[in-house]
Amino acid sequence: MKRIISPSLLSADFSILKEQIEIVKKAGAERLHIDCMDGHFVPNFTFGPFILKAIRKLTDLHLETHLMIDNPSNYFNDFIDAGADTLIFHYEASDDVRSDLEKIKNRNIKCGLAIKPETASDVLEEYIDILDYILVMSVSPGFGGQGFIEDTLLKMQAIDQMCINKGRRDNITIGVDGGVNLSTIDKVYKTGVDVTVVGSGLYKAPDIVARFKELSNQ
Ligand code: DX5
Ligand code: ZN
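This one's a predicted model, so the numbers in the text were calculated from it and none came from an experiment.

What counts, and where the lines are drawn
Residues numbered from 1 in each chain as written. Chains lettered and ligands numbered in written order. Predicted model: local features only at pLDDT ≥ 70, side-chain atom pairs only at ≥ 80, totals over all residues. Heavy atoms only, no water. Donors = N, O, S within 2.8 Å, 3.2 Å for Na, K, Ca; no water. Tetrahedral: all angles 85-135°; square planar, octahedral: opposite > 155°, others 65-115°. Helix = DSSP H or I, 4+ residues; strand = E, 2+ residues; numbered from the N terminus. Buried < 20%, exposed > 50% of the residue type's maximum accessible area, 1.4 Å probe, protein only. Pairing = 2+ DSSP bridges. Axes fitted to C-alpha atoms, helices over the stretch in contact; angles between N-to-C directions. Contact = heavy atoms within 4.5 Å. Phe/Tyr/Trp six-rings, centres within 6.5 Å; stacked < 30°, edge-to-face > 60°. Core = buried A, V, L, I, M, F, W, Y, C linked by side-chain atoms within 4.5 Å.

Engineer: Tell me about the coordination of the zinc ion (ligand 2), and please be specific about residues and values.
Structural biologist: Every protein donor of the zinc ion (ligand 2) is listed here as His 33 (NE2), Asp 35 (OD), His 66 (ND1) and Asp 177 (OD), and their distances to the metal cover 2.0 to 2.3 Å. Bound by six donor atoms, the zinc ion (ligand 2) shows angles of 71 to 169° at the metal and therefore octahedral coordination geometry. Considered as a linear motif, the donors of the zinc ion (ligand 2) on their single chain read H-x1-D-x30-H-x110-D. You can see His 33 sitting in strand E2 (residues 31–37) and its partner Asp 177 sitting in strand E7 (residues 173–177), a full 144 residues away along the chain. A relative accessible area of 0% means that His 33 is categorised as buried.

Here you go:
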């Protein structure tokens, strides 16, 4: 099965952003992962719709936009207008998950739900019918370059199985975010997931194209 790598721009060099996007596209990336943090939901700030709009102008790659923000639905339209192709918010940040997923779907883009490492996979069960994307956090959200939390591997397997049991496996993309690198990627894909988000494990490599190919097993 094809390994889909979603490079996380959080670890890219923003002073040469265009090149950093082009290099992963040249290596074979079909999507990019954009981490939006508000300093409330997570103890770090990154960027909002304004920067996403600039990124949109630089590339036609699928932009999976990971909102690590409180009150996410207040900002859905801004991020969608800026060019998100998949919009992912956190289960832990939403007061009404189903209504929030519907708000995204109604704008005709893909909707995603992320869960923190300490959140059980069971919480996803009632949304499997509507979800396009599930993002399993394998580090505490907020920063790149953290160590992979091994306990989350069992959760990945359980989510894969849950989607199969509900007959929705072909409709849902399962992604894993945090601490994925050359030494952890094999065990992540063995759980059955589709996408790995890779930040520091890709962008900090001396040769980004060569590293992308190694991670993709090419
Ligand atoms: C962390 C972010 C990740 C981050 C991953 O909160 O959601 O997307 O960029 O970075 P690495 O791959 O370095 O763990
Ligand atoms: Zn992320």
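Engineer: Explain the sheet that holds strand E1 (residues 4–7) to me, and be specific about the residues and the numbers.
Structural biologist: With respect to topology, eight strands assemble into an open sheet ordered E1-E8-E7-E6-E5-E4-E3-E2, the strand pairing being parallel. Edge positions in the sheet fall to E1 and E2, since each has one partner strand and no second. If you compare each strand with its neighbour and ignore which way they point, the axes differ by 25° on average. Bridge count for E1 against strand E8 (residues 195–198) is four bridges, and the pairing is parallel. Bridge assignment links Ser 6 to a residue of E8, and that residue is Val 197. Against the sheet, helix H4 (residues 97–105) makes contact with strand E4 (86–90) and strand E5 (110–115), and its axis sits at roughly 145° relative to E5, the strand it touches most. Sheet strands touched by helix H5 (residues 152–165): E5, strand E6 (133–137) and E7. Its angle to E6, the strand with the most contacts, is close to 165°.

Engineer: Outline the packing of aromatic side chains, supporting the account with residue identities and numerical values.
Structural biologist: A full pass over the atoms with the stated rule returns two aromatic pairs. Relative to Phe 47, the ring of Phe 14 has its centre 5.4 Å away and its plane inclined at 35°; by these criteria the two rings are tilted. Of the two residues, Phe 14 is situated in the loop between E1 and helix H1 (17–27) and Phe 47 in the loop between E2 and helix H2 (49–58); the sequence distance between them amounts to 33 residues. Here Phe 47 falls in the buried class, since its relative accessible area comes to 13%.

Engineer: Could you give me a rundown of the nonpolar core, with the residues and numbers involved?
Structural biologist: Leu 9, Ile 34, Leu 87 and Ile 134 are the most contacted members of the largest nonpolar core, which has 60 residues in total. Of the residues forming this core, the biggest block, five residues, is contributed by H5. The residues contacting Ile 34, other than those within four sequence positions of it, are Leu 9, Phe 47, Leu 52, Ile 55, Leu 63, Glu 64, Thr 65 and His 66. In terms of nonpolar packing, the next biggest core, distinct from the first, is built from eight residues, Tyr 133, Leu 135, Met 137 and Val 197 among them.

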